[in-house]
Amino acid sequence: MTSWYYVEGKDRVGPVDEAKISELLQSGTLNSDSYIWTKGFDNWKKFQDVEELSHLLNNGSAEVEEEDESFNWSGVSKSEKIFMIKIGIDRGSQEVEYGPYNLDEISQAFSEKRINEKTLIYVPGKMKEWIFLADVPIYEELFNTMPPVIDEIDRRKNQRKPFVARMFFHDQEEFFEGVCRDISIGGLQILVSNFPGTVGDNVSMNVHPDNSDYCFTAKGQIVRLLDGGQGFSLRFDNLNSEAKSSIENYVNRG
């Protein structure tokens, strides 16, 4: 009998049998985007990509609505460093991601005009996409002014889906999600909040750019910690041909 593991919150849970997986699917604990692993997999896979369990998703009685993952802005501490920002569209320049920051730091940067209402903000693992600062529900509380209106032209320019990596660190049970940048076939940088790793740690990950055509799995080693605890630089280990192709296509996309 196959034993399965799954990700719930930031923890991996298991082993459980298929009957339990079906039960979790029907209860809403798991959905098509949940991460599943069993012996023989190179890395974690989305439920919808696990052929052995496809019959559970295709069973009408087992279909569930994807959970509402809207972020609770009113419940977050202003000192909690979980927010990534992306500049570029806010000033007509190349897009660059930074973070993690807390709301106090974001408010200060806004007051100093280092960011503005068109700066994008995102919380890995909590939000589905980047949003404009102008769309933050607590905008008035943060910046002591009414939120401006973002015109549709700027909204259409915004590539809203983040380029994320979902990661497990070697010999640790906790699951992390971070924003990727500066990617090549040699490695990448990852911005991640509550970062526990050190240089030399091994990391396995599923990488999901805004376009699913470029998804891949990879393993690597942390070679540098970014200043201010913002994340790390990673060198890939033995990339397979599929991963190399996805990275090259992503880097060379028009």
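Just so it is clear, the structure is predicted and the values come from calculations on it, not from any experiment. (Residues numbered from 1 in each chain as written. Predicted model: local features only at pLDDT ≥ 70, side-chain atom pairs only at ≥ 80, totals over all residues. Heavy atoms only, no water.)

## With respect to the overall build of the chain
- Across its full length, the chain holds six helices and 14 strands.
- For 254 residues, the compact-globule formula gives about 18 Å, and the C-alpha radius of gyration of the chain, at 19 Å, lands near that figure.
- Within the chain, buried positions represent 45% of all 254 residues.
- Taking the contacts inside the chain whose residues are at least 6 apart along the sequence as the reference set, 54% of them involve residues at least 24 apart.
- Surface accessibility of the chain: about 13,400 Å² in total, with carbon and sulfur atoms responsible for 43%. (Helix = DSSP H or I, 4+ residues; strand = E, 2+ residues; numbered from the N terminus. Rg over C-alpha atoms; globule rule 2.2 N^0.38 Å. Buried < 20%, exposed > 50% of the residue type's maximum accessible area, 1.4 Å probe, protein only. Contact = heavy atoms within 4.5 Å. Areas by Shrake-Rupley, 256 points an atom, 1.4 Å probe, with all protein chains shown as cover.)

## Considering the sheet that holds strand β1 (residues 4-8)
- Across the sheet, four strands lie side by side as β2-β1-β3-β4; this open sheet has antiparallel pairing. Only two strands of the sheet have a single neighbouring strand rather than two, namely β2 (11-16) and β4 (45-46).
- Across four bridges, the pairing between β1 and β2 is antiparallel. Looking at β2, one finds that Trp4 is bridged to Val16.
- The strands touched by helix α1 (residues 18-27) within the sheet are β1, β2 and β3 (35-37), with β1 carrying the most contacts at an inclination of about 25°. (Pairing = 2+ DSSP bridges. Axes fitted to C-alpha atoms, helices over the stretch in contact; angles between N-to-C directions.)

## Some remarks on the packing of aromatic side chains
- Under the criterion given, the structure shown has 13 aromatic pairs.
- Plain terms: the ring middles of Phe71 and Trp73 are 5.1 Å apart, the flat faces sit at 85° to each other, and that makes the pair edge-to-face. This pair shows no difference in class: Phe71 is buried, exactly as Trp73 is.
- One aromatic cluster is present, formed by Phe71, Trp73 and Phe83 through successive ring pairs.
- Stacked on the ring of Phe41, the Lys or Arg Lys45 has its end atom at 4.3 Å from the ring centre. (Phe/Tyr/Trp six-rings, centres within 6.5 Å; stacked < 30°, edge-to-face > 60°. Lys NZ or Arg CZ within 6 Å of the ring centre and 35° of its normal.)

## Description of the pairing of strand β14 (residues 231-236)
- The element β14 is extensively covered by neighbouring structure, given that five of its six residues are classed as buried.
- Inspection of the sheet shows strand β11 (residues 187-191) paired to β14 by five bridges, in the antiparallel sense. Its bridge partner lying in β14, Leu188 is registered against Leu234.
- In this structure, strand β13 (residues 216-225) lies alongside β14, joined through five bridges in antiparallel fashion. Bridge pairing links Gly220 to Phe236 in β14.
- Turn length for the β13-β14 hairpin, with the two strands adjacent in sequence and antiparallel, is five residues, and the turn residue Gly228 shows positive phi of about 75°.

## Examining the nonpolar core
- Counting 34 residues, the largest nonpolar core has Trp73, Phe83, Ile106 and Ile121 as its most contacted members.
- For this core, the elements supplying multiple residues, two or more each, are β5 (83-87), α3 (103-111), β7 (120-122), β8 (131-132) and α4 (139-143).
- If sequence neighbours within four positions are ignored, Ile106 has contacts with Phe83, Ile85, Tyr101, Ile115, Ile121, Leu133 and Phe143.
- Counting 25 residues, the second largest nonpolar core, distinct from the first, contains Phe163, Ala165, Ile183 and Phe195. (Core = buried A, V, L, I, M, F, W, Y, C linked by side-chain atoms within 4.5 Å.)

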